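Understanding the architecture of this molecule
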Amino acid sequence: HLLPEFNDSMEHLDYPDLLANDPVINALNWNPILYEKYINVIVPAIAANGDDEQYGSTCVTDTAALQALSKRIHYGKFVAESKYLSNP
């Protein structure tokens, strides 16, 4: 893919050791699916065909949108952690 992975220290879980070492939990990464859907579904639905020659602002805006979506989706991991810690 063309964009680097978005890494934010706030997106890392603070699960107990048992869960932190779980390969299923650690493999939860929706970014590849998000990127594919953004490029192939969302952009065609909201943008007109053609070239507006606004490459810089388009890249900045696309990156910001993908980062915001990724952060929102991956915060679900924190919800799972909170639920687990409230009722282990």
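That block above? That's the structure.
Since the structure is predicted, the reported quantities are computational estimates derived from the model, not experimental observations. Starting afresh in each chain, residues are numbered from 1 along the sequence in its written order. For a predicted model such as this one, the threshold for reporting local features is a pLDDT of at least 70, and the threshold for listing and counting side-chain atom pairs is 80 or more; totals across whole chains, interfaces and linings nevertheless cover every residue. The side-chain figures draw on all heavy atoms in the structure; neither hydrogens nor water molecules are used.

1. Thoughts on the overall build of the protein chain
Labels follow the DSSP assignment, with helices taken as runs of H or I lasting at least four residues and strands as runs of E lasting at least two, numbered in each case from the N terminus. The number of helices and strands found in the protein chain is five helices and zero strands. Moving toward the C terminus, one meets the helices and strands of the protein chain in the order α-α-α-α-α. Buried residues in the protein chain amount to 16% of all 88 residues. We call two residues contacting when some pair of their heavy atoms lies within 4.5 Å. Within the protein chain, contacts between residues separated by at least 24 positions form 88% of all contacts whose residues are at least 6 apart in sequence. Areas reported here follow the Shrake-Rupley algorithm with a probe of radius 1.4 Å; residue values treat only the protein chains shown as occluding. For the protein chain, the computed accessible surface area is about 6800 Å², with 61% contributed by carbon and sulfur atoms. Burial classification: accessible surface area is computed with a 1.4 Å probe over protein chains only, and a residue below 20% of its type maximum counts as buried, one above 50% as exposed, and the rest as partly exposed.

2. A short note on the packing of helix α3 (residues 31-46) against helix α4 (residues 55-74)
Simply put, an axis is a line fit to the C-alpha atoms, just over the touching stretch for a helix, and the angle between two N-to-C directions goes from 0 to 180 degrees. Running from amino to carboxyl end, α3 crosses α4 at an angle of 135°, the nearest separation of the two axes being 10 Å. Here α3 is positioned oblique relative to α4, judged by the angle of their axes. Note that α3 runs across α4; the crossing there is right-handed. Each of Asn31, Leu34, Tyr35 and Tyr38 in α3 lies in contact with α4, whose residues at this interface are Asp62, Ala65, Leu66, Leu69, Ser70, Ile73 and His74. Angle categories: roughly parallel below 35 degrees, roughly antiparallel above 145, roughly perpendicular from 65 to 115, and oblique for all the rest. Crossings are assigned a handedness: left-handed for a near helix turned anticlockwise from the far helix by less than a right angle, right-handed for a clockwise turn.

3. Re unusual backbone geometry
Across residues other than glycine, the phi torsion is negative in most instances, and most of the peptide bonds are trans. Located in the positive-phi region is Glu53, a residue other than glycine, with phi close to 60°. By secondary structure assignment, the location of Glu53 is in the loop between α3 and α4. The exposure class of Glu53 is exposed, given its relative accessible area of 58%.

4. Remarks on the pattern of salt bridges
Each reported salt bridge corresponds to a side-chain nitrogen of Lys or Arg within 4 Å of a carboxyl oxygen of Asp or Glu. Applying the stated criterion across every chain yields a total of one salt bridge. The partner of Lys37 in a salt bridge is Glu36, with the nearest N and O atoms 3.8 Å apart.

5. Side note on the side chain of Asn31
Mapping Asn31 onto the fold places it in helix α3. A residue is classified by how much of its surface remains accessible, and Asn31, at 13% relative accessible area, is buried.

6. With respect to the packing of α4 against helix α5 (residues 76-86)
One way to put it is that α4 packs onto α5 with a least axis distance of 4 Å and a crossing angle of 15°. Relative to α5, the element α4 lies roughly parallel. Of α5, the residues touching α4 (which contributes Arg72, Ile73 and His74) are Gly76, Lys77 and Phe78. Across the contact of α4 with α5, the residue classes tally to two nonpolar, two polar and two charged. Side-chain classes follow a simple rule in which Ala, Val, Leu, Ile, Met, Phe, Trp, Tyr, Cys and Pro form the nonpolar group, Asp, Glu, Lys and Arg form the charged group, and the remainder, Gly included, forms the polar group.

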